Amino acid sequence: MVLVDSHGSKDDGVKVDFRGKPVDKSKTGGWLAAGLILGTELSERICVMGISMNMVTYLVGTLHLPSAKSANIVTNFMGTLNLLGLLGGFVADAKLGRYVTVAIAASVTALGVTLLTLATTIPSMRPPPCFDPRGGPCVEANGRQLAMLYTALYTIALGGGGIKSNVSGFGSDQFDSSDPKEEKAMIYFFNRFYFCISLGSLFAVTVLVYIQDNVGRGWGYGISAGTMIIAVGILLAGTALYRFRRPQGSPLTVIWRVVSSAWKRRRLPYPPQPDLLNEYYNATVPHSDKLRCLDKASIVEGDEGEDGPKGAAAATGKLATVTQVEEVKMVIMLLPIWSTCILFWTVYSQMNTFTIEQATFMDRNLGGFEIPAGSFSFFLFITILLFTSLNERVLVPLARRVTHTKQGLSSLQRVGIGLVFSIFGMGASALVEMRRRDAFVKDGLRIRAFWLVPQFFLVGAGEAFAYVGQLEFFIREAPERMKSMSTGLFLSTLSMGFFVSSLLVTLVDSVTNKKWLMSDLNRGKLENFYWMLAVLGVLNFVVFLVFAMRHRYKVQNYVVPQLDGEGELKQQSHESTSINAGKIAAEVATEEP
């Protein structure tokens, strides 16, 4: 297709239709195109949530694996899925484009769920049944049985990573940020994006989990596979409606070139004026004084002219441009906030694992019907839906009146609110676990599983703020040419959160001689693990506040060169987009005597 071919020319970021021609805004993009794209993410969420929220009960109850190992299998799967978002973003930005990457990734996901259906349906893929998998001597799943399960899970992870890292960026491409009406729609896009996929999660933890536990795992996963196949068809059917950006080369190559060049030129002196840097006036992202050490990647050695070594170096890519240096700076400036977002997802991962395990030890009967343990995640997602709706209809309009800004709540304010909710969520989890175990040990009673609702509510409310805030932050603050990769960077915080959870579980299991996180929670000390996460959350929030207060949003960083009344070059801040700021800089250059 024409849309994925860069034709060997430098892309200016202009959007095209599927024939490679400039878009007709009346026939492409908008909410219809974005809605078709969101269908793919909706289906991916149905598949992944249907697996992750109930897989731990299958691993413990059917494959007879220890609770700690089962929790780590789930968190490692989720961590890998989100980490592969970086790969998906790289492939989309470097070669295939977001559309083709999403289409291929969705097909791979459908294949993975089909394999998982077979792995949980074929009798030889399960060990012999055991009446009490936590008490008696049960036969654990062997290597061959686990191999097929792992193959299925990581095939899903490969496809899911490609979808996650590109679908939100591809969806936002359907709106024109230079059009006030479409820009307002794009502001709401992120909230509606998450509201939509939360509906998919809600369906997964209610309908699919019930089918998995009461009809059969194969039926539950088979429905997921069918849903994914339908989503691929819908995505392809809407091809003529989409707006596309051609891939502009590997952002990782640019990052490596700038960093390595800056290191090689580290002993060069800074030029007296920044306009002596390579392609200063042609920059689409104005020069800034942040991370000045990277500016050395665009310093011209000596006074070679354009026809000399400077021109040759620039032609071979050895000499970085100001635009490339500034884009790398923008990515690096995201890393402090990135690091403080990780622990939120470590907390969130407990809702997939130990909280579900808690439910299996509690009274889940409701009018003679036993609610599946995994279905208690319903309260997590209904809270997300509630707060996402409240954010858009109540909190954001109220915040707009107070702050007099379009966004109302900034992306970092949303993240901070989410972190606070997660801390209280872990405190509630610890208190409920103490209440649950004391009731069983002292009185032999199984308390109602609805005691888990507060922790689901608090963590769900936190996710409604943190997910939208992080997604918006990484997409809006990253360079335009690295949008897919920046989404992958955001997903890597989820990935690292799940991996940190696995690491903490392993360390705690080792240090406590398996006394805190036992398969029989009645004999363990799970509440201590929750308290530990709450304390880590407080420390992490303090660090986040420091980084957030120091961060300057992208539009505030732009410095546009202008001339003063006497014809001398001066620096003036300009609140505009990077492209507009670059145009102003170029115009100033033509006026300079």
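Here the structure is a predicted model, which is why all the values come from computation and not from measurement.

Trainee: Explanation requested: the overall build of the protein chain in the structure shown.
Mentor: Scanning the protein chain for helices and strands turns up 18 helices and four strands. Counting all 593 residues of the protein chain, 56% fall into the buried class. Nonlocal contacts in the protein chain, meaning residues at least 24 apart in sequence, comprise 81% of its contacts between residues at least 6 apart. Carbon and sulfur atoms form 63% of the exposed surface of the protein chain, whose accessible area is close to 24800 Å².

Trainee: I would appreciate a short explanation of the packing of aromatic side chains in the present structure.
Mentor: Two aromatic rings, taken as a pair, are described by how far apart their centres are and by the angle between their planes. Taken as a whole and judged by the stated rule, the model has 21 aromatic pairs. Between Phe-376 and Phe-379, the aromatic rings sit 6.2 Å apart at their centres with planes inclined by 35°, giving tilted as the arrangement. Owing to a relative accessible area of 22%, Phe-379 belongs among the partly exposed residues under this scheme. Centre to centre, the rings of Phe-378 and Phe-379 are 5.4 Å apart; their planes meet at 80°, and the pair counts as edge-to-face. One aromatic cluster is present, formed by Tyr-99, Phe-170, Tyr-242 and Phe-244 through successive ring pairs. One cation-aromatic arrangement involves Arg-266 over Trp-263; the distance from NZ or CZ to the ring centre is 3.9 Å.

Trainee: Which parts of the structure should I look at to understand the pattern of salt bridges?
Mentor: Between side chains of opposite charge, a pair can form as their charged atoms come close. All told, the structure shown has 10 salt bridges when counted by the stated rule. For Arg-98, the salt bridge goes to Asp-173, with nearest N and O atoms at 2.2 Å. Of this pair, Arg-98 sits in helix H3 (residues 67-121) while Asp-173 sits in the loop between helix H4 (143-172) and helix H5 (180-214), placing them 75 residues apart in sequence. For the pair formed by Arg-98 and Asp-173, the shared burial category is buried. A salt bridge links Arg-414 to Glu-472, with the shortest nitrogen-to-oxygen separation between them at 4.0 Å. Within this pair, whereas Arg-414 is found in helix H13 (residues 411-443), its partner Glu-472 is found in helix H14 (residues 453-477), the two being separated by 58 residues in sequence. The burial state of Arg-414 is the same as that of Glu-472; both residues are buried. Through salt bridges that share partners, Glu-41, Glu-44 and Lys-164 make up one connected network.

Trainee: I would appreciate a short explanation of the nonpolar core in the present structure.
Mentor: Side chains that are nonpolar tend, in soluble globular proteins, to be buried together. Among the nonpolar cores identified, the biggest contains 129 residues, and Met-55, Leu-59, Leu-116, Tyr-348, Leu-380, Phe-381 and Phe-529 are the most heavily contacted of them. A total of 16 residues in this core trace back to one element, the largest contributor, which is H3. Val-254, Val-258, Leu-294 and Val-328 belong to the second largest nonpolar core, which has nine residues in total.

Trainee: Honestly, the packing of helix H10 (residues 335-349) against H14 in this entry has me stumped. Any pointers?
Mentor: Packed helix pairs are characterised by how far apart their axes lie and by the angle those axes make with each other. Relative orientation of the contacting elements H10 and H14 amounts to 150°, with a least axis distance of 11 Å. Taken together, the axis directions place H10 and H14 in an arrangement best described as roughly antiparallel. The two elements H10 and H14 cross, and the hand of that crossing is left-handed. Every residue of H14 that contacts H10 at Ile-337, Trp-338, Cys-341, Phe-344, Trp-345, Val-347 and Tyr-348 is listed here: Val-459, Gly-462, Glu-463, Ala-466, Tyr-467, Gln-470, Phe-473 and Phe-474.

Trainee: Where do I start with helix H16 (residues 526-550) in this structure?
Mentor: Residues spaced three or four apart along an α-helix point in a common direction, a consequence of the helix completing one turn every 3.6 residues. Under the 1.5 Å per step criterion, the end-to-end length of H16 is 37 Å for 25 residues, consistent within 8% with the ideal 36 Å. Those residues of H16 not exposed but buried are Leu-526, Glu-527, Phe-529, Tyr-530, Leu-533, Ala-534, Gly-537, Asn-540, Phe-541, Phe-544 and Ala-548.

Trainee: I'm lost on H13 in this one. Help?
Mentor: The end-to-end C-alpha distance of H13 is 48 Å, a good match for the 48 Å that 33 residues give at a rise of 1.5 Å each. Just past H13, the residue Gly-444 takes up positive phi, approximately 70°.

Trainee: Teacher, can you tell me more about unusual backbone geometry here?
Mentor: Where the residue is not glycine, phi is negative for most of them; where a peptide bond is considered, it is trans in most cases. Despite not being glycine, His-64 shows a phi value in the positive range, around 60°. On the secondary structure map, His-64 appears in the loop between helix H2 (55-61) and H3. Since its relative accessible area comes to 6%, His-64 is described here as buried.

Trainee: Sorry if this is basic, but what is going on with the packing of helix H1 (residues 30-52) against H4 here?
Mentor: Remark: H1 packs on H4, axes separated minimally by 10 Å, with the N-to-C direction vectors making an angle of 150°. For the element pair H1 / H4, the angle class is roughly antiparallel. The two elements H1 and H4 meet at a crossing, and its hand is left-handed. From H1, Ala-34, Ile-37, Thr-40, Glu-41, Glu-44, Arg-45, Val-48 and Ile-51 reach across to H4, where they touch Leu-153, Ile-156, Gly-160, Ile-163, Lys-164, Val-167, Phe-170 and Gly-171. Split by residue class, the contact of H1 with H4 holds nine nonpolar, three polar and four charged.

Trainee: I would appreciate a short explanation of the environment of Thr-40 in the present structure.
Mentor: By the secondary structure assignment, Thr-40 is in helix H1. In this structure Thr-40 comes out as buried when scored by relative accessible area, which is 1%. Taking the C-alpha atoms as reference, Thr-40 lies 8.9 Å from Ile-230; in sequence the two are 190 residues apart. With near-sequence residues (within four places) excluded, Thr-40 lies in contact with Val-102, Ala-106, Ile-163, Met-228, Ala-231 and Leu-235.

Trainee: How should I be thinking about the environment of Ala-534 in this particular structure?
Mentor: If you trace the backbone, Ala-534 turns up in helix H16. Residue classification places Ala-534 among the buried positions, given a relative accessible area of 8%. When the C-alpha positions of Ala-534 and Gly-425 are compared, they lie 8.1 Å apart, and in sequence the two are 109 residues distant.

Trainee: Would you explain the confidence of the model for the protein chain in this entry?
Mentor: Any region with low pLDDT has predicted coordinates that should not be read closely. For the protein chain, per-residue confidence averages 77 on the pLDDT scale, and residues scoring 70 or more make up 82% of the total. Per-element averaging of pLDDT across the protein chain places helix H18 (residues 578-591) at the bottom with 31 and H16 at the top with 92. Within the model, pLDDT remains below 50 along residues 1-12, and this stretch shows 23 contacts once partners closer than five positions in the same chain are excluded. Under a pLDDT of 50 for its full length, residues 303-316 has, in the predicted model, 12 contacts with residues more than four places off or in other chains.

Trainee: What am I meant to see in the side chain of Asn-72 here?
Mentor: With respect to the helices and strands, the residue Asn-72 is situated in helix H3. Judged by its relative accessible area of 14%, Asn-72 falls in the buried class. Not counting the four nearest positions on each side in its chain, Asn-72 is found in contact with Ser-502, Val-505 and Thr-506.

Trainee: Whenever I open this one, the environment of Ser-349 confuses me. Can you help?
Mentor: Position of Ser-349 among the secondary structure elements: in helix H10. Along the sequence, Ser-349 and Ser-502 sit 153 residues apart, while their C-alpha atoms lie 9.4 Å from each other. Contacts of Ser-349, omitting those with residues within four sequence positions, involve Thr-75, Phe-498 and Ser-501.

Trainee: Just to check I follow, could you spell out a nonpolar patch on the surface for this structure?
Mentor: A cluster of nonpolar residues, Leu-386, Leu-390, Val-394, Leu-395 and Phe-457, forms a patch on the protein surface that exposes about 370 Å² of accessible area. Looking at the nonpolar patch, the element that brings in the most residues is helix H12 (residues 378-403), giving four residues. Mapped onto the secondary structure, Leu-395 falls in helix H12. Relative accessible area serves as the criterion here: at 31%, Leu-395 is assigned to the partly exposed category.

Reading the values: the criteria
Residues numbered from 1 in each chain as written. Predicted model: local features only at pLDDT ≥ 70, side-chain atom pairs only at ≥ 80, totals over all residues. Heavy atoms only, no water. Helix = DSSP H or I, 4+ residues; strand = E, 2+ residues; numbered from the N terminus. Buried < 20%, exposed > 50% of the residue type's maximum accessible area, 1.4 Å probe, protein only. Contact = heavy atoms within 4.5 Å. Areas by Shrake-Rupley, 256 points an atom, 1.4 Å probe, with all protein chains shown as cover. Phe/Tyr/Trp six-rings, centres within 6.5 Å; stacked < 30°, edge-to-face > 60°. Lys NZ or Arg CZ within 6 Å of the ring centre and 35° of its normal. Salt bridge = Lys/Arg side-chain N within 4 Å of Asp/Glu carboxyl O. Core = buried A, V, L, I, M, F, W, Y, C linked by side-chain atoms within 4.5 Å. Axes fitted to C-alpha atoms, helices over the stretch in contact; angles between N-to-C directions. Parallel < 35°, antiparallel > 145°, perpendicular 65-115°, else oblique. Left-handed = near helix turned anticlockwise from the far one by under 90°. Expected span 1.5 Å × (residues − 1). Nonpolar A, V, L, I, M, F, W, Y, C, P; charged D, E, K, R; others polar. pLDDT = per-residue confidence, 0-100. Patch = residues over 30% accessible without salt bridge, like charges linked within 9 Å, V, L, I, M, F, W, Y side chains within 5 Å.

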